[in-house]
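# Commentary on secondary and tertiary structure
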Amino acid sequence: MKKVGIFYGSDTGNTEKAAQFMLEALGEENADLHEVSKVTDLNILNDYELLIVGTPTWYLGELQSDVDSFKEKLADFDLSNKTIALFGLGDQIEYSEYFLDGMGILNSFFQEKGAKIIGAWPNDTYSFSSVLSLTDDGQHFVGLGLDEDNQGEYTEERIVAWLEQVKEEANLGI
Ligand SMILES: Cc1cc2nc3c(=O)[nH]c(=O)nc-3n(C[C@H](O)[C@H](O)[C@H](O)COP(=O)(O)O)c2cc1C
């Protein structure tokens, strides 16, 4: 059985591209990729040791629409023993006040459902004024932040470093 399930939604392809790169970096023998609108049986979440969930933020601080529907479907699903790592896509220049808010919304939701969130990521190489996706210390995002609009050149190296961190935190042994 594969250890990691990557779940994502994407309107214009940036989050999809990041998710696909994560699959390659983890190795197809270790991970599966799921576009959330195509998930018909939520029990698939029980197949993995680690869930990686990614969303862009759209329309001033909102979740991508398919991710929003997925979140609604999960409202009655038991997530209390799940380990989850989040990643978010956003635009820190045009939407500074709402940068990565979608990831913050997911974090609150999964925390309330009792899941363990791992993969906090330092935010000192970004410039923004939003607060929803920050950890309590203010120095980290609750998951990996990616900005294809302004910092696309960092995306792959950020993903590679973050996956190493997450694999260690989840003790995956891959
Ligand atoms: C109309 C519009 C609204 C957006 N709103 C936000 C926002 O509130 N916060 C943010 O961080 N990024 C925002 N973005 C930037 C997108 O999140 C970013 O382009 C992302 O990479 C898109 O991901 P996708 O291609 O997977 O849909 C917005 C972009 C557009 C065009």
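Remember, predicted model here, so these are calculated numbers, not experimental data. (Residues numbered from 1 in each chain as written. Predicted model: local features only at pLDDT ≥ 70, side-chain atom pairs only at ≥ 80, totals over all residues. Heavy atoms only, no water.)

## Considerations on the overall build of the protein chain
Looking only at helices and strands, the protein chain features 4 helices and 9 strands. Along the protein chain, helices and strands appear, N-terminal first, in the series β-α-β-β-β-α-β-α-β-β-β-β-α. In terms of overall dimensions, the protein chain has C-alpha extents of about 40 × 30 × 30 Å along its principal axes. Out of the 174 residues belonging to the protein chain, those deemed buried represent 49%. The long-range share in the protein chain, meaning contacts at least 24 apart out of those at least 6 apart in sequence, stands at 76%. With an accessible surface of roughly 8,300 Å², the protein chain has 44% of that area assigned to carbon and sulfur atoms. For the protein chain, the centre of its 11 positive side-chain charges and the centre of its 33 negative side-chain charges are spaced 8 Å apart. (Helix = DSSP H or I, 4+ residues; strand = E, 2+ residues; numbered from the N terminus. Buried < 20%, exposed > 50% of the residue type's maximum accessible area, 1.4 Å probe, protein only. Contact = heavy atoms within 4.5 Å. Areas by Shrake-Rupley, 256 points an atom, 1.4 Å probe, with all protein chains shown as cover. Lys, Arg positive; Asp, Glu negative; His and termini not counted. Charge placed at Lys NZ, Arg CZ, Asp CG, Glu CD.)

## Details of the pattern of salt bridges
As enumerated under the stated definition, the model contains 4 salt bridges in all. The shortest N-O distance in the salt bridge between Lys2 and Asp32 comes to 2.9 Å. With Lys2 in the segment before strand 1 (4-8) and Asp32 in strand 2 (residues 31-35), this residue pair connects regions lying 30 residues apart in the sequence. Among the residues examined, Asp32 registers a relative accessible area of 21% and is labelled partly exposed. (Salt bridge = Lys/Arg side-chain N within 4 Å of Asp/Glu carboxyl O.)

## Section: the side chain of Asp147
Along the chain, the position of Asp147 falls in the loop between strand 9 (144-146) and helix 4 (155-169). At 6.7 Å, Arg158 is the nearest oppositely charged side chain to Asp147, a buried residue that forms no salt bridge. Among the polar contacts made by the side chain of Asp147, one reaches the main-chain amide nitrogen of Asp149 at a distance of 3.0 Å. Beyond its immediate sequence surroundings of up to four residues, Asp147 is in contact with Gly90, Asp91, Gln92, Phe99 and Gly152. (Polar contact = N/O pair within 3.5 Å; in protein donor to acceptor, adjacent residues only side chain to side chain.)

## Some words on the site of the ligand
Residues in close proximity to the ligand total 20 residues, the closest being Ser10, Thr12, Thr15, Thr57 and Asp149. Trp58 is positioned such that a nitrogen or oxygen atom in its side chain is 3.0 Å from an oxygen atom of the ligand. Leu100 is positioned with one of its backbone polar atoms (N or O) 3.1 Å from an oxygen atom of the ligand. Expressed as a share of its isolated accessible area of 650 Å², the protein-covered part of the ligand is 88%. (Near = heavy atom within 4 Å.)

## Some details on a negative patch on the surface
Judged by side-chain charge, Glu24, Glu28, Glu29 and Glu156 come together as a negatively charged surface patch. On the accessibility criterion, Glu24 (58% relative accessible area) is exposed. (Patch = residues over 30% accessible without salt bridge, like charges linked within 9 Å, V, L, I, M, F, W, Y side chains within 5 Å.)

## Some details on the layout of surface pockets
Within this model, the largest pocket holds a volume of roughly 340 Å³. Together, 19 residues line the largest pocket, and Thr57, Trp58, Gly90, Asp91 and Asp149 are the ones closest to its centre. Where the lining of the largest pocket is concerned, the elements lending two or more residues are helix 1 (14-26) and strand 3 (50-58). With 3 residues, the single largest contributor to the lining of the largest pocket is strand 3. Here the residues of the lining of the largest pocket are counted per class, giving 9 nonpolar, 7 polar and 3 charged. (1 Å grid on protein atoms, 1.4 Å probe; cavity = no way out; pocket = protein on both sides within 12 Å on 5 of 7 lines; lining within 4 Å. Points joined across faces, edges and corners; volume = space filled by probe spheres on them. Nonpolar A, V, L, I, M, F, W, Y, C, P; charged D, E, K, R; others polar.)

## Details of unusual backbone geometry
Even without being glycine, Tyr59 reaches a positive phi, approximately 50°. Note on Tyr59: relative accessible area 60%, which makes it exposed.

## Observations regarding the nonpolar core
Core analysis: the biggest nonpolar cluster contains 50 residues, and Ile6, Phe7, Met22, Ile52, Phe87, Phe110 and Trp162 have the highest contact counts within it. Counting residues per element, the ones that place at least two in this core are strand 1, helix 1, strand 3, helix 2 (65-73), strand 5 (83-89), helix 3 (101-112), strand 9 and helix 4. In terms of residue count, the dominant contributor to this core is helix 1 (6 residues). In contact with Phe110, not counting residues within four places along its chain, are Val53, Leu74, Leu79, Ile84, Leu86, Ala115 and Ile117. (Core = buried A, V, L, I, M, F, W, Y, C linked by side-chain atoms within 4.5 Å.)

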